[in-house]
Amino acid sequence: MPLLRFIAGRLVKGVIVLIAIATMNFFLIRAAPGDPASVLAGEAGAADEEFLRQLREQFGLDQPIMTQLWIYLTDIITLDLGFSYRQGRPVLELIMERLPATLLLTGAAFIFSLTLGIIFGILAARRVGKWSDTAITTGALFFYATPLFWIALMSQIIFALWLGWLPNTGFRTIGAGYTGLRHALDVGMHLILPATTLGLFFTALYTRMMRASMLEIAGSDFVKTARAKGVPEGRIVRRHIARNAILPVVTLAGLQAGQIVGGAVLTETVFGWPGIGRLMFEALAQRDYQVLLGVFFVSSAMVVLFNLITDVVYRVADPRIEVGR
Amino acid sequence: MKAFFKRFARNKGAVVGLIILAIILAAAILAPVLYPTSPWRMVTRPFLPPMSPGGFWLGTDALGRDVASGIMHGARVSLIIGLVSTLTALAIGIPIGALAGYFGGLIDDALMRFTEFFQTIPAFALAIVIVAILQPSLYSIVLAIAIVSWPPVARLVRGEVLSLRTREYVQASIVIGQSTSRIILTQVLPNTIAPITVMASIMVASAILLESALSFLGLGDPNMMTWGYMIGAGRTRLIEAWWISFFPGVAIFLTVLALNLVGEGLNDALNPRLSREGG
């Protein structure tokens, strides 16, 4: 089964990437000013000699560096991402509790921006030089050049604080005790602002890519042929150009999944969305480096997994794509 | 050279971009002259709205600091960080791309795996981790931005070198026995300058966005007034004083927009064949 071998190969590659990331984390802690134990303990551990001793023992900090690395990597492989002294809980537990909210937010933003980007890209490319093209390209340039967190703040002022149309912060209405469909609707209302503000930058990016891709394909020989044999214009755009133009855009979008996860740190911070991005921000403020590195590791793992899924889906959807690169 | 300016000027957006950029550059240079007091100093009552008498055009923040002064001084930091981190990223990306493209084979494989690895990692999260652990400072911020932004440079240079390598004049240099380093430095790399310049202008823009996001989260250099810091600081008083966060955002937007427009203009001017496509 070539497909199974392909998936296995990609899995191995993904695991190697994750090990490399863990190794990088390890050396980053050692590069920080100060004793690694107090770095790991962060602000909280500074006062507590007992906790520092425990950390030194846990990470084997009195042993040679390669042994330390080995201990660190085996910990990570067994999914032990450390302990947050500050929160008094294992890091993995903290992350797992917050992960669903981030997946919901990034997933919604991804689908939103990809759909909208493709639609706008097609519209702009069909009317190159006309006012609608200018409007779309200008809009794309605006959202491409504006800091994501600033758009988030401004839409928070306008739509939540001034107009009061949408909830200001959080994941759900606290104390409302909604259940079932009412609960889903409530979360959905809270999701609108964070997901759109996170998605707008990427909408701009995908619009630009889709427009360029459409224009490139529109110049191909097979499009000229279709036109020459009298295929109606709408059908040419739909069946011949758009279909082929979407593929590279979706590929690039898949590869950039990591950027959305990064952007989530900002939107979650602004909107108090209880995901791992917000957790990262809290860890920053508290200098809780074990949590920080844990979130970084888990979000990298998410990206690796997402890339793997995209690769496999492609391989199934379009057999022309070669296995190796 | 004249033809270059002519082609550049044909792109109206690029000219507008250049003008905006010149204004921001002037603001950065003139900041200590027009606003000699430190932007951190309290100069008047807090929460003065924009257009207040006394020359506080953009209002004051929660601590009575002049927003306009912060924006002018912030321009210096943004431009310096954008420029230095881009140069650092080029210094990492160009050699890696050139070596991979020129030698091919195992070296290419190894270097490209390395590049791919850095492209897989969520860039912003990596930048946060680097700055937080090394402690926020000008150096750690520049380093973090450079580390997350060099991979596209390496890929671009590799592609260019790969195609240049087979050109006759490069082959001729190999035949007459020029040293490899000399060939790369004098024959191959000078011909990659055009696409690198275009990419660099966009990279400065992304670096400025990245820096502002880092300082927004509180990871800016604690001694420097930055636009991102101002937005973050004004965040808690949004309802009463929207202007504290609003104006620095406009400054970031204009700078990033200008750099992108200039980048497009450079692209038109340096790749004249491509520029006519797609209007």
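Residues numbered from 1 in each chain as written. Chains lettered and ligands numbered in written order. Predicted model: local features only at pLDDT ≥ 70, side-chain atom pairs only at ≥ 80, totals over all residues. Heavy atoms only, no water.

**Student:** Can you break down the pattern of salt bridges residue by residue, with the values?
**Tutor:** Per the counting criterion, the structure on display carries 12 salt bridges over all chains. The closest approach of N and O atoms between D133(A) and R211(A), which form a salt bridge, is 2.9 Å. Of the two residues, D133(A) is situated in helix α6 (residues 131–145) and R211(A) in helix α8 (residues 180–218); the sequence distance between them amounts to 78 residues. A relative accessible area of 16% means that R211(A) is categorised as buried. Salt bridges sharing partners connect three or more residues here, namely K13(A), E116(B) and R155(B). (Salt bridge = Lys/Arg side-chain N within 4 Å of Asp/Glu carboxyl O. Helix = DSSP H or I, 4+ residues; strand = E, 2+ residues; numbered from the N terminus. Buried < 20%, exposed > 50% of the residue type's maximum accessible area, 1.4 Å probe, protein only.)

**Student:** I'd like to hear about the packing of helix α1 (residues 2–10) of chain B against helix α2 (residues 12–34) of chain B, residue by residue, with values.
**Tutor:** Residue and element names in this part refer to chain B. Between α1 and α2, the shortest axis-to-axis distance is 5 Å and the interhelical angle comes to 95°. Classified by the interaxial angle, the pair formed by α1 and α2 is roughly perpendicular. Judged by residue contacts, F8, A9 and R10 of α1 engage K12, A14, V15 and L18 from α2. Class assignment for the residues of the contact of α1 with α2 results in 5 nonpolar, no polar and 2 charged. (Axes fitted to C-alpha atoms, helices over the stretch in contact; angles between N-to-C directions. Parallel < 35°, antiparallel > 145°, perpendicular 65-115°, else oblique. Contact = heavy atoms within 4.5 Å. Nonpolar A, V, L, I, M, F, W, Y, C, P; charged D, E, K, R; others polar.)

**Student:** Account for helix α6 (residues 138–149) of chain B, with residues named and values stated.
**Tutor:** Helix length check: α6(B), at 12 residues, gives a terminal C-alpha distance of 17 Å against a target of 16 Å (1.5 Å per residue), a fit within 8%. Residues of α6(B) that are buried: S140(B), I141(B), V142(B), A144(B), I145(B), A146(B) and V148(B). (Expected span 1.5 Å × (residues − 1).)

**Student:** Summarise the confidence of the model for chain B; cite the residues concerned and give the values.
**Tutor:** Residue and element names in this part refer to chain B. For chain B, the mean per-residue pLDDT works out to 87, and 97% of the residues sit at or above 70. Across chain B, α6 holds the top mean pLDDT of 95, while helix α13 (residues 272–275) sits lowest at 53. Of the regions scoring below 50 in pLDDT, residues 275–279 engages in 5 contacts with residues more than four places distant in sequence or in other chains. Across the whole predicted complex the pTM is 0.88, and at the interface the ipTM reaches 0.86. (pLDDT = per-residue confidence, 0-100.)

**Student:** So what about the interface of chain B and chain A? Which residues, and what values?
**Tutor:** With 40 residues of chain B at the interface, the matching set in chain A holds 48 residues. A combined buried area of about 3,900 Å² lies between chain B and chain A, and 80% of that area is made up of carbon and sulfur atoms. The tally of links between chain B and chain A comes to 2 salt bridges. Here R208(A) ties to E264(B) by a salt bridge, and the two come within 3.4 Å at their closest N and O atoms. Counting every contact that joins chain B to chain A gives 6 residue pairs in polar contact (both at pLDDT 80 or more). Contributing elements (two or more residues each) for the side of chain B that touches chain A: α4 (105–120), α5 (123–134), α10 (193–216) and α12 (243–270) of chain B. The leading source of residues in the side of chain B that touches chain A is α12(B), at 11 residues. Of the residues belonging to the side of chain B that touches chain A, the class tally is 30 nonpolar, 7 polar and 3 charged. (Buried area = accessible area lost by both parts, 1.4 Å probe. Polar contact = N/O pair within 3.5 Å; in protein donor to acceptor, adjacent residues only side chain to side chain.)

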